[in-house]
Structure formats: C-alpha cells, structure tokens
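Structural overview for review
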Amino acid sequence: MENKVAYQLKTVSGPQIIAAIKAAIRQLNGGNRPSGDTDVIQKAPPGYKKVALIYVEPQSKRHQSTRAALTRLLSHEAKELAICDDDGSARMDQLTVVTAQGVFTWQKGGFDAIGQPC
C-alpha cells in the first residue's frame, strides 16, 4: 500500500464516539446503501489503506479524553465496535482519534490494545 489512503472522517459533538467509529468502518467497507442520486456505494478502493479519523469536538464530554481513557472506552466497547471481520481480519488499517489531549492512533496489528485481536 504505497501512498494510497482512504480516509473516513467523523466528528463527534456528543458522547457517540463508538457510533462514529462504527459508521466510519461501515463506509470504508461499503456497508451502507448506495448514496442518493449517484447510486454509488461508499467504499475504499482496493489496495488503499483504510483510515478512520475521528475528531472529538469541544462540546463533546469526550473532548478532554486521554489515550488511556480512550483505550479503556474502546476496550469496554470492543464487541460493539466490530473492528474485526468474522474471518478475523481487520476491517480497517488505522484508527485515529483527535481530542484536546492529542492525536491517538491504533494500527492494524495493534488493535488488541483496544480489545480487537485481529
């Protein structure tokens, strides 16, 4: 995967960080219905690195979350997140969450830190 990256950006203004991550994963993998008039399914092209980028806005109660707090939350909600496919493969290559405390990234192969050993 050279420099080909498909990003799915979601903003979180409330507590719905898990829902935002799930929505990004769905879109990166073509899990939604075709969009509007175009009848096109949103999906990362083959061979592209899949990155879910979640920006936590100031009005969200999660805006001040640290990496440790996010890791606990994501681990607690691991089954709900469904980062891994049924066959055990990762449904994305990278998860990045941006809060007031920093930019926190988890890579495929390291998802076990958030309860997803795929």
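My aim in this report is to walk through the structure given alongside it, one point at a time. Worth saying up front: this structure is predicted, and the values here are computed from it rather than measured.

**Observations regarding helix α2 (residues 67-76)**
Every buried residue belonging to α2 is among Leu-70, Thr-71, Leu-73 and Leu-74, and all of these are buried. Mapping the buried residues of α2 onto a view down its axis gives an arc of 165°, with all of them on the same face. α2 presents Arg-72 and His-76 as exposed residues on the side facing more than 90 degrees away from its buried surface. Close packing links the buried residues of α2 with α1 (17-28), α3 (78-81), β3 (94-99) and β4 (102-107).

**Details of the state of the cysteines**
Taken as a whole and assessed by the stated rule, the structure comprises one disulfide. Each sulfur of the disulfide joining Cys-84 and Cys-118 lies 2.2 Å from the other. Handedness here is read from the sign of the S-S torsion; for Cys-84 and Cys-118, about -85°, the answer is left-handed. Of the two residues, Cys-84 sits in the loop between α3 and β3 while Cys-118 sits in the segment after β4, which places them 34 residues apart along the sequence.

Thresholds, definitions, all that
Residues numbered from 1 in each chain as written. Predicted model: local features only at pLDDT ≥ 70, side-chain atom pairs only at ≥ 80, totals over all residues. Heavy atoms only, no water. Buried < 20%, exposed > 50% of the residue type's maximum accessible area, 1.4 Å probe, protein only. Helix = DSSP H or I, 4+ residues; strand = E, 2+ residues; numbered from the N terminus. Arc of directions from axis to C-beta. Contact = heavy atoms within 4.5 Å. Disulfide = S-S within 2.5 Å.

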